[in-house]
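# Structural overview for review
Chain by chain, the residues run as shown.
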Amino acid sequence: MGSNTPFGQSVEVLAGPGFRPLPETTEFKAARRRKLVDLMSTEMLQKVQDNFSAAVGVAMVIVDPEGAPVTKPSGFSPFCQAVRSRPDWRERCFHCDAVGGRTALSTGEPAIYKCHCQLVDFAAPINLRGEYLGAVICGQVKLAPGGHPRIVDLSNIFPAEGSWSEDPALLSLHAQIGEISFDRLRSAAFSLFTIASHIVEESYSQGVTQELYAKNLRLAEESQRRAELERLLREAELQALSYQVNPHFLFNVLNTIGRLALVEGAPETETTVHAFADMMRYLLKRSGSQFVPLRTEIDHVRNYLYLLKLRMGDRFDFTLDAPEEFDRVLCPFMVLHPLVENCINYAIEPMESGGLIEISLYRDGGDVIIDVLDNGPGINAERRHDVLRGEADHGGRKSIGLHNIHSRMRQYFGDSHGLEIVSPFRQGRGTLVRLRLPIDFDPCAF
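Residues numbered from 1 in each chain as written. Predicted model: local features only at pLDDT ≥ 70, side-chain atom pairs only at ≥ 80, totals over all residues. Heavy atoms only, no water.

## With respect to the overall build of the protein
Across its full length, the protein holds 14 helices and 15 strands. Of all 446 residues assigned to the protein, the portion counted as buried reaches 47%. Taking as baseline every contact in the protein between residues at least 6 positions apart, the subset at least 24 positions apart corresponds to 69%. In the structure as shown, the protein presents an accessible area of about 21700 Å², 51% of it carried by carbon and sulfur atoms. (Helix = DSSP H or I, 4+ residues; strand = E, 2+ residues; numbered from the N terminus. Buried < 20%, exposed > 50% of the residue type's maximum accessible area, 1.4 Å probe, protein only. Contact = heavy atoms within 4.5 Å. Areas by Shrake-Rupley, 256 points an atom, 1.4 Å probe, with all protein chains shown as cover.)

## Thoughts on the pattern of salt bridges
According to the stated counting rule, one finds 13 salt bridges in the structure shown. Between Arg 363 and Glu 325 there is a salt bridge, and its shortest N-O distance comes to 3.7 Å. Separated by 38 residues along the polypeptide, Arg 363 in strand β10 (residues 355-364) and Glu 325 in the loop between β8 (316-321) and β9 (330-332) bring together distant segments of the chain. Arg 363 sits in the partly exposed class, given a relative accessible area of 48%. A cluster of three or more residues bridged by salt bridges with shared partners is formed by Arg 295, Asp 299, Arg 302 and Asp 327. (Salt bridge = Lys/Arg side-chain N within 4 Å of Asp/Glu carboxyl O.)

## Section: the packing of helix α11 (residues 294-312) against helix α12 (residues 337-348)
Put simply, α11 and α12 touch, their axes get as near as 9 Å, and they point 25° apart. Regarding the angle of α11 to α12, the classification is roughly parallel. Between α11 and α12 lies a crossing of right-handed hand. Taking contact as the criterion, the partners of Glu 297, His 300, Val 301, Tyr 304, Leu 305, Leu 308 and Met 312 in α11 are, on α12, His 337, Val 340, Glu 341, Ile 344 and Ile 348. (Axes fitted to C-alpha atoms, helices over the stretch in contact; angles between N-to-C directions. Parallel < 35°, antiparallel > 145°, perpendicular 65-115°, else oblique. Left-handed = near helix turned anticlockwise from the far one by under 90°.)

## A word on the environment of Ile 298
In this structure, Ile 298 sits in helix α11. Here the alpha-carbon distance between Ile 298 and Ala 322, two residues 24 residues apart in the chain, equals 7.8 Å. Filtering out sequence-adjacent residues up to four positions away, Ile 298 remains in contact with Leu 320, Ala 322, Leu 336 and Leu 361.

## Things to note about the sheet that holds β8
Pairing is mixed across the open sheet formed by 5 strands, whose spatial order is β8-β10-β11-β15-β14. The open sheet has two edge strands with one neighbour each: β8 and β14 (420-422). Taken over all neighbouring pairs, the strand axes of this sheet differ in orientation by 15° on average, direction set aside. In the packing of α12 onto the sheet, the strands contacted are β8, β10, β11 (367-374) and β15 (431-438), and the crossing angle to β10 comes to about 150°. (Pairing = 2+ DSSP bridges.)

## What to know about the nonpolar core
Formed by 77 residues in total, the largest nonpolar core has its most connected members in Leu 336, Leu 339, Ile 359 and Leu 361. Broken down by element, this core gets its largest block of residues, 8 residues, from α11. Not counting chain neighbours up to four residues away, the residues in contact with Leu 336 comprise Glu 297, Ile 298, Val 301, Ile 370 and Val 372. Judged by nonpolar contacts, the second largest core, of 27 residues, contains Ala 104, Tyr 113, Val 152 and Phe 158. (Core = buried A, V, L, I, M, F, W, Y, C linked by side-chain atoms within 4.5 Å.)

## A few points about the pairing of strand β2 (residues 111-114)
Here 4 bridges tie β2 to strand β3 (residues 120-128), and the two strands are oriented antiparallel to one another. The residue bridging Tyr 113 from the neighbouring strand is Asp 121, located in β3. Where β2 folds back on β3, the antiparallel hairpin that results is connected by 5 residues, among which Gln 118 adopts a positive phi of roughly 65°. Both β2 and strand β5 (residues 152-153) contribute to a ladder of 2 bridges, which runs parallel. Its bridge partner being in β5, Tyr 113 is matched across the sheet by Val 152.

## Remarks on the packing of aromatic side chains
On inspection of all chains with the given rule, the structure shows 7 aromatic pairs. Relative to Phe 441, the ring of Phe 413 lies with its centre 4.9 Å away and its plane at 65°, an arrangement referred to as edge-to-face. Of this pair, Phe 413 sits in helix α14 (residues 401-413) while Phe 441 sits in the segment after β15, placing them 28 residues apart in sequence. The positively charged end of Arg 86 is found above the aromatic ring belonging to Trp 89, 3.7 Å away from the centroid. (Phe/Tyr/Trp six-rings, centres within 6.5 Å; stacked < 30°, edge-to-face > 60°. Lys NZ or Arg CZ within 6 Å of the ring centre and 35° of its normal.)

## With respect to the pairing of strand β4 (residues 131-143)
Of all 13 residues making up β4, 11 are buried, and the element is well covered by its neighbours. In this sheet, β4 lies alongside strand β1 (residues 59-63) in antiparallel orientation, the contact comprising 5 bridges. Note on β4: the bridge partner recorded for Ile 62 is Val 136. Bridging between β4 and strand β6 (residues 179-180) involves 2 bridges; their strand directions are parallel. Looking across to β6, one finds that Leu 143 is bridged to Ile 180.

## Some remarks on the environment of Phe 446
Residue position: Phe 446 is located in the segment after β15. Considered as a pair, Phe 446 and Tyr 412 are 34 residues apart in the sequence and their alpha carbons are 7.3 Å apart. If we ignore the near neighbours within four places in the chain, the residues touching Phe 446 are Gln 290, Phe 291, Tyr 412, Phe 413 and Phe 441.

## What about the state of the cysteines?
This model, assessed by the stated rule, comprises 0 disulfides. Of all cysteine sulfurs, the one in Cys 117 lies closest to Cys 115, which takes part in no disulfide; the gap is 4.8 Å. (Disulfide = S-S within 2.5 Å.)

Taken by themselves, the reported measurements are silent on function.
Have a look at this one:
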């Protein structure tokens, strides 16, 4: 076991006979796994993982420090699925992934190694503020013949008896696994390492947001003044939305996946990747101003609805009528997205089919009117008032999204520019949320 990684680092201490995991109880392991899940946006991560696996053509999974999966595996071969179906072999897979992750942690770079089934994997560490949380594992391939550095071999650290190689069916599946060049695998490793870095930054951002929100609630409870509560919640929201991470690496990876999808003849995958990249760019690269052109807000909502349509299929449709004459009108950042998201959560999600969202823009004197209409069941007058006051209850939690928009609009432009909710709106059903935005105003005044 004295072999080296492609980056010249010995891993004998990590992978050799002297390696012993720290004794941890089952409860402690479960607590750590929940911590990693809580830190990451697993839903978004799963989508990125699935797309990356399909585009690059290798298996992929996120694991905790013990090698147990945190996300659902993507692109696993029939051979690896069969191996992991047996508890004793699955534990060997977990052990190899744990060693691979800690090897990568020790070098600070993706570590490429052979698992106990003699397939090549690589691991990229997930490390947050000095704490090792797990690793991104990718590979389950064979290397094509050619010059490449020796890699860490973990296939001989387990007993030979009872091995998968004694099963003829598994040997046949193993023979079907394709080969990949070392350079391509190494490039994929560094691309995935970049995504892991973004996961860390996103986790830190979420922690900052939670701290800001908790601080604002404490101040609001002490002051007991509604005006102060509204100001603090608005500031917390703007700080959370404008928290900056360097997005260049993420966009580069997404654009690479998009180009690969185009080359391989997958136009829908390419469109999906670029729509997601545009959404991330809008959220992460906004300037310090509280206002953005209305066109960018509209494009963001269009991308959001497009991605939801891919997930929900024929359960809903949408129309968006936004004349070009309003493109350069300024609007508060992220003022339209919560209105559309509210339609999805409360009107479209409960419906099995036939959902509809209509967004239209038109002029009313010196204002541009933005109407967001759904065909859901509608709400009663009491709930309409609770929504605007931030007192509407949903599943034991206060729903404050529309309340925040209502309060921001009134503070920016006066009481006449708060949200208007009409429900039921059409034939006893549906809800209309109307936003009134001045066409001409001085953004420097805010």
